[in-house]
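So you can see what is in the structure, the chains are spelled out below.
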Amino acid sequence: MNLLDLIWMIPLFPAVGFVINGIFGKKLPKPAVAVIASGAVLVSFLMAAGAVYQLSQRPVEERSHNVAVYHWIDGGSAHTMSGDVERFAVDWGFLLDPLSSVMVLVVTGIGFLIHVYSAGYMYEEDGFYRFFAYMNLFMFSMLTLVLGNNYVMMFVGWEGVGLCSYLLIGYYFLKRSAGDAAKKAFIVNRVGDWGFSIGIFMVFMTVGSLEFTTVAERFHEGAAAGHFHAGDTWLVVMALALFVGATGKSAQVPLYVWLPDAMEGPTPVSALIHAATMVTAGVYMVARSNFIFQLAPQAMAVVAVIGALTALMAATIGIVQNDIKRVLAYSTVSQLGYMFLALGVGAFAAGVFHLMTHAFFKALLFLCSGSVIHALHHEQDLRNMGGLKDKIPVTFWTMTIGTLAIAGTPGLAGFFSKDEILWQAFSSSHGHILLWLIGAIVAGITSFYMFRLLFMTFFGEYRGGKAHHHDDHGHGAHAIHESPKAMTIPLMILAAGSLLAGYVGMPKWLSSGGSSFEHWLEPVFEPVPGVAAEVAHYGEGVEIGMAAVSVAVALIGFFIAYTTYYRKSDRAERVSAQFKGLYTAMLNKYYIDELYDWLFVNRAKDGGRFLWRFDSKIVDGVVNGSAATTVQSALGSGWWDRWIVDGLVRFTGGLIKTASWPVRLIETGYTQNYALVMVLGLLVLGGYLLWGTP
Amino acid sequence: MDFINSNILTIVTFTPALGALLLLFFPRSRAKTARNFALIISILAFLFSLHLVAHFDSNASGFQYRTDRAWIPSFGIGYQLGIDGISLFLVLLTTLLTPLAILASTRIRDRVKEYFLFMLLLETGVVGVFCSLDLFLFYVFWEVMLVPMYFLIGVWGGERRIYAAMKFVLYTMAGSVLMLVAIIALYFLNGKATGAYTFSYELILAAIHGGKLVLEPATERFLFLAFFVAFAIKVPLFPFHTWLPDAHVEAPTAGSVLLAGVLLKMGTYGMLRFSLPLFPNMSHLFAPFITLLAVVGIIYGALVAMVQPDMKKLVAYSSVSHMGFIVLGIFSFTPQGVEGAIFQMLSHGVSTGALFLLVGVIYERRHTRLIEEFGGLAHRMPLYAAFFLIVTLSSIGLPGMNGFVGEFLVLLGTFGVNKPRGVVAAAGVILSAVYMLWMFQRVIWGEITNEKNRTLTDLVSYEKAMLIPLLFLIFWMGIYSNHFLRPMDASVARLLSQTGKREIQYAVAPALQP
């Protein structure tokens, strides 16, 4: 069976699951809902795995398979950069190539595990069917996003995942804050989409197609033929417009503000959408458009700097947050920053590599936090946790693995990918020592806040009991128990992934062939001809030294967290008191939300109100004014008519009446007299008409 | 078959009028029968109009299903009907929305017979406008349509119905009187130049493009503006839009549905059918100014919509914004922009029609349209909430639904010829999400705060029946967009060859040109 031709069915299974659960889910028993939803994703995963296997059996140059299902939007011709008249034509089509292979496996694989986990986590909820319907709709959209063979298809998935994120953040729609967070997520994403759509227009205007393989080909050809030069303003603007889209979806500065609020949604949603898959869509899109970015080095620099900045900023905010999910949310923003740092220095494969490993350990961390929250009956504040290590051992051990992985412990997934990014940030021709430095510092901070989280959650004394002492439900320490199997088994699988996923991308100094992950992606990230890519040569020693430095930095982070939170020193209080201003700023997320509220939200509302007044007073005022003027002048002319015009008439009438008494003598009242006069008159008139006119 | 093809437009146009005539003989006491009769008539008209799609030749650029008879031969007035790819779906939109609007009028209790009589007359007027190929006939239908709408608002409307109805009629009249003058002027000019005194659109068009009728720039400018103002008021293009919120707020639900759904499209249709091909030079000359008004309207309408406390007003202002996209697309003169504009005309008719139906549903239950009166409706009306969500998303242009395709093509076409306009107009898409989702959140989500909402009932069967066809179309148009774009192709190409096409151009440093 040729699965490659059937890739269009991969998104279809979750879509069917969505329809079934959306329409009939209310009446179905909960296990049936969960089986339908998870089953649909499992089938997609198996199909995807089969298709990717078949793709990998092909020779390297043929590893790209397009399937156009039907013509979707055709609209007239246009002149483009390539000169010829091109028709605007977009297919409902799909593409499986090395890049989308990675994405589709991550999405369906991790997606399936999270679906299974959700069956346990969400079991008590009323809107169980609604939750799974939305999750399946999300899977459909995400798969359309990564499998779509053109920019418009990608945009379908792009906005579709945004919608699902909106619906799932707003899942607890009773809560005002959930509704607000959902709306914020959608609107901030829309700002990004604005840039993305302009980027899409520019791509079409340049090469007359939006289909990925064609676009890539024409950019390569155009650069080879000298039509495009690296650094052309047009190309830089195009790349930046696309990047604006990426900053929205992937929560980068300045559009990252929606992601932390998105934690209002149920925790599995945070794991699936706001950590492992959807938020990486921006990374995927930039990687997909790598040929454009290669031709726009200035834009690459912007991407790298924004990535580094985001990584640093989010990590510093993450240090001081007390909500377990918020720490992880800022950690996600920060790790996405790493990925963009990689893309920005031209290390596309390294960015995608980190995307993949991050999907494992961040999904794991979120699901573990969900398990903690589940065990503590919806407690999310780290300050009310502690000492859980023996009560929920599976969660503890898996979360420890996740923490070690993200902190960059040698041998675990995060180590390989993060190290690759740091090395490229330093050694690539687009790199810079400062970018490396920021990356290294962030590695230290990451290690610190993650171990802080781990220690505060699992070690020391349980601090939540007191608050619940008088609670009838008995939420005290004794009521805490491990989550059901449906939740712990996905945790274990993800933990295994976090341990092992890095070995597909080992650096040269560890494996003779270099990173097989990188080799797999090479056809997609082929260098654009004519773009200078001088490779700096460093010895292996330098690379190993760099790795050692980043490990050392992570160790420092661990050590500070250990002495502060495990050893229960009062250092945290001391330091925060000492740097009170900075601490408050970090706690309040540098007041960026407040700034945006003041700058955009309130100004837009003011503008709307002002324009509304303007509309009713001025624009409509003119209309009503001219109507009123018409009415007034009608009244005026009415008066004129009655007293002047008609007065004149009546005056004349009176005058005639008085003057005409002699005439009345011949006004006999006999009809035949009048008839006589009329006939005479007609004769005169007829005569005049016949002979009178020249 | 020939007989059907050459008379089908007459049948579609006058079936409702015939129904209206028969309605006169219904006894006043049989209100329900009168409604059912009107519904059957309008469904019949819809079924007849399906013939138009079924036998439409998508490759032909000219007019199809032509009827050509003399009407008042001494003045060169003919009874000429015909449709092409531009008007095809507008006719269908009208025949589809009318039965739905009649369904939405199920709860009308006052002067039922007359109400449905006017609804059917309105349908005849609108379909007539989209089918007329004679300027005089066009004008007659254009004016005929005003009368039933005037009564629908003025008799069955809300508190300020008289004001709104007067404003609607007078405003439209002010524009159409100008158009009448221009039509008569065109009649005489053409007569003088070619010797044939005729109101036939095609003959005049042929005279202009055949070089027989050469208009002085000053004359062309006057004629263009006279037509354009009439159409701009109808659209309505900023700043001629202030009649719209009043008319919508006061009109009964069905009135709003037809007003937003099809009546506004008469304006943009007029631009496509008359302004562009008859006066190509002035169209191009005024395009920068018109597109500027369109872009202002997009942003302005969206910002004002955002702060409206009344749901109908909000949707009315959102229409100002959405109709701005249509005008923008038309005056981009690119195939993508024009096709996108026509697509958007249909899609706005579907989504906004559905939105007004949805507002009508809760208005009938609560007799208020104020957003703050609602909240938490998802608890009591889950199906309603789901429908509301789908229509909201369609209105904000989510890909996979109808709104996206039109907007995308319009923006692509616009950006291709005028980047600043394209960039600013695209920002309107952000704002549409703001006001629509904000309304959705305040009406549907949250806790029930107003006790009166605790007793609300979910959609009943006739309400489902009027909404489901539109939901179906929302997805159909979004997923199989070519079913709707393809029949437009040839006609748009012809229109643009008459008007002077602009192509999307790659316009940067000449050094980069291949």
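Residues numbered from 1 in each chain as written. Chains lettered and ligands numbered in written order. Predicted model: local features only at pLDDT ≥ 70, side-chain atom pairs only at ≥ 80, totals over all residues. Heavy atoms only, no water.

**Considering the overall build of chain B**
- Across its full length, chain B holds 21 helices and two strands.
- Here the C-alpha radius of gyration of chain B, 22 Å, is about what a compact globule of 514 residues would show, namely 24 Å.
- Overall, chain B is about 70 × 70 × 45 Å in size when its C-alpha atoms are taken along their principal axes.
- Considering only contacts in chain B between residues 6 or more positions apart, those separated by 24 or more positions represent 80%.
- Accessible surface, chain B: about 16000 Å² in total, of which carbon and sulfur atoms supply 67%.
- Taking the 35 positively charged and 27 negatively charged side chains of chain B as two groups, their mean positions are separated by 4 Å. (Helix = DSSP H or I, 4+ residues; strand = E, 2+ residues; numbered from the N terminus. Rg over C-alpha atoms; globule rule 2.2 N^0.38 Å. Contact = heavy atoms within 4.5 Å. Areas by Shrake-Rupley, 256 points an atom, 1.4 Å probe, with all protein chains shown as cover. Lys, Arg positive; Asp, Glu negative; His and termini not counted. Charge placed at Lys NZ, Arg CZ, Asp CG, Glu CD.)

**Thoughts on the overall build of chain A**
- For chain A, the helix and strand inventory stands at 25 helices and two strands.
- Against the compact-globule benchmark of 26 Å for 694 residues, chain A has a radius of gyration of 36 Å, which places it well outside the compact range.
- For chain A, the spread of C-alpha atoms along the principal axes amounts to about 135 × 75 × 55 Å.
- Counting the 694 residues in chain A, one finds 57% classified as buried.
- Pairs at least 24 apart in sequence give 81% of the contacts found in chain A among residues at least 6 apart.
- When the accessible surface of chain A is summed, it comes to about 28200 Å², and 68% of that surface belongs to carbon and sulfur atoms.
- The distance from the centre of the 42 positive side-chain charges to the centre of the 47 negative ones in chain A is 11 Å. (Buried < 20%, exposed > 50% of the residue type's maximum accessible area, 1.4 Å probe, protein only.)

**So, the pattern of salt bridges**
Residue and element names in this part refer to chain B.
- Considering all chains together, one arrives at 28 salt bridges over all chains under this definition.
- The residue Arg369 makes a salt bridge to Asp310 at a minimum N-O spacing of 3.4 Å. Of this pair, Arg369 sits in the loop between α14 (335-366) and α15 (377-380) while Asp310 sits in the loop between α12 (280-306) and α13 (311-330), placing them 59 residues apart in sequence. When sorted by exposure, Arg369 lands in the same class as Asp310, which is buried.
- Salt-bridge contacts for Glu373 lead to Arg366; the nearest nitrogen and oxygen are separated by 2.6 Å.
- Assessed through its relative accessible area of 22%, Glu373 is described here as partly exposed.
- Residue class for Arg366 comes out buried when judged on its relative accessible area of 11%. (Salt bridge = Lys/Arg side-chain N within 4 Å of Asp/Glu carboxyl O.)

**Quick look at the packing of helix α3 (residues 98-121) of chain A against helix α4 (residues 128-147) of chain A**
Residue and element names in this part refer to chain A.
- For the pair α3 and α4, the least separation of the axes is 10 Å and the interaxial angle reads 175 degrees. The orientation of α3 with respect to α4, classified from their angle, is roughly antiparallel. Here Ser100, Met103, Val104, Val107, Thr108, Gly111, Ile114, His115, Ser118 and Ala119 of α3 lie close against α4, whose contacting residues are Phe128, Phe131, Phe132, Met135, Asn136, Met139, Met142, Leu143, Val146 and Leu147.
- Here the contact of α3 with α4 is built from residues that sort into 14 nonpolar, six polar and no charged. (Axes fitted to C-alpha atoms, helices over the stretch in contact; angles between N-to-C directions. Parallel < 35°, antiparallel > 145°, perpendicular 65-115°, else oblique. Nonpolar A, V, L, I, M, F, W, Y, C, P; charged D, E, K, R; others polar.)

**Considering the confidence of the model for chain A**
- Confidence along chain A averages 86 in pLDDT terms, with 93% of residues attaining 70 or more.
- When pLDDT is averaged over each element of chain A, helix α11 (residues 281-288) of chain A comes out on top at 95 and helix α25 (residues 671-692) of chain A at the bottom at 71. (pLDDT = per-residue confidence, 0-100.)

**Some points on a nonpolar patch on the surface**
- On the surface, Trp8, Leu12, Val16, Val19, Ile20, Ile23, Phe24 and Val69 of chain A cluster together into a nonpolar patch covering about 660 Å² of accessible area.
- Note that Ile23 of chain A resides in helix α1 (residues 12-24). (Patch = residues over 30% accessible without salt bridge, like charges linked within 9 Å, V, L, I, M, F, W, Y side chains within 5 Å.)

**Digging into the pairing of strand β1 (residues 64-72) of chain B**
Residues and elements named next belong to chain B.
- With six bridges connecting them, β1 and strand β2 (residues 77-83) associate as antiparallel partners. Residue Ile72 lies in a different strand from β2, and its bridge partner there is Ile77.
- Taking the residues between adjacent antiparallel strands as the criterion, β1 and β2 are bridged by four residues, where Gly76 takes a positive phi near 70 degrees. (Pairing = 2+ DSSP bridges.)

**A short note on the packing of aromatic side chains**
- If you walk through the whole model with that rule in mind, you get 80 aromatic pairs over all chains.
- Ring centres of Phe26 of chain B and Phe37 of chain B lie 5.0 Å apart, and the angle between their planes is 40 degrees; this geometry places the pair in the tilted category. A residue pair is termed long-range when its members are at least 10 positions apart, and Phe26 of chain B in the loop between α1 (2-23) and α2 (31-54) and Phe37 of chain B in helix α2 qualify at 11 residues.
- When its relative accessible area of 19% is taken as the criterion, Phe37 of chain B is described as buried.
- Ring centres of Phe168 of chain B and Trp243 of chain B lie 5.4 Å apart, and the angle between their planes is 50 degrees; on these two criteria the pair is classed as tilted. Here the residue Phe168 of chain B occupies a position in helix α7 (residues 161-194), and Trp243 of chain B occupies one in helix α10 (residues 243-250), the gap between them amounting to 75 residues. Comparing Phe168 of chain B with Trp243 of chain B, the two get one shared label, buried.
- Here the basic side chain of Lys30 of chain A rests over the ring of Tyr123 of chain A, its NZ or CZ set 5.5 Å away from the ring centre. (Phe/Tyr/Trp six-rings, centres within 6.5 Å; stacked < 30°, edge-to-face > 60°. Lys NZ or Arg CZ within 6 Å of the ring centre and 35° of its normal.)

**Some remarks on the interface of chain B and chain A**
- Contacts between the two partners involve 67 residues from chain B and, on the opposite side, 60 residues from chain A.
- Roughly 5700 Å² of surface becomes buried between chain B and chain A when both sides are summed, with 71% attributable to carbon and sulfur atoms.
- Seen at the junction of chain B and chain A, the total is two salt bridges.
- Summed over the shared surface of chain B and chain A, the number is 20 residue pairs in polar contact (both at pLDDT 80 or more).
- Across the side of chain B that touches chain A, the residue classes tally to 44 nonpolar, 15 polar and eight charged. (Buried area = accessible area lost by both parts, 1.4 Å probe. Polar contact = N/O pair within 3.5 Å; in protein donor to acceptor, adjacent residues only side chain to side chain.)

**Thoughts on the packing of α14 of chain B against helix α17 (residues 402-417) of chain B**
Residues and elements named next belong to chain B.
- At a minimum axis separation of 7 Å, α14 and α17 run at an interaxial angle of 150 degrees. Accordingly, the angle class assigned to the pair α14 and α17 is roughly antiparallel. Where α14 crosses over α17, the two elements pack in a sense that is left-handed. Judged by residue contacts, Gln336, Gly337, Gly340, Ala341, Phe343, Gln344, Ser347, Val350 and Ser351 of α14 engage Asn402, Gly403, Val405, Gly406, Glu407, Leu409, Val410, Leu412 and Gly413 from α17.
- Of the residues contributing to the contact of α14 with α17, the split by class is seven nonpolar, 10 polar and one charged. (Left-handed = near helix turned anticlockwise from the far one by under 90°.)

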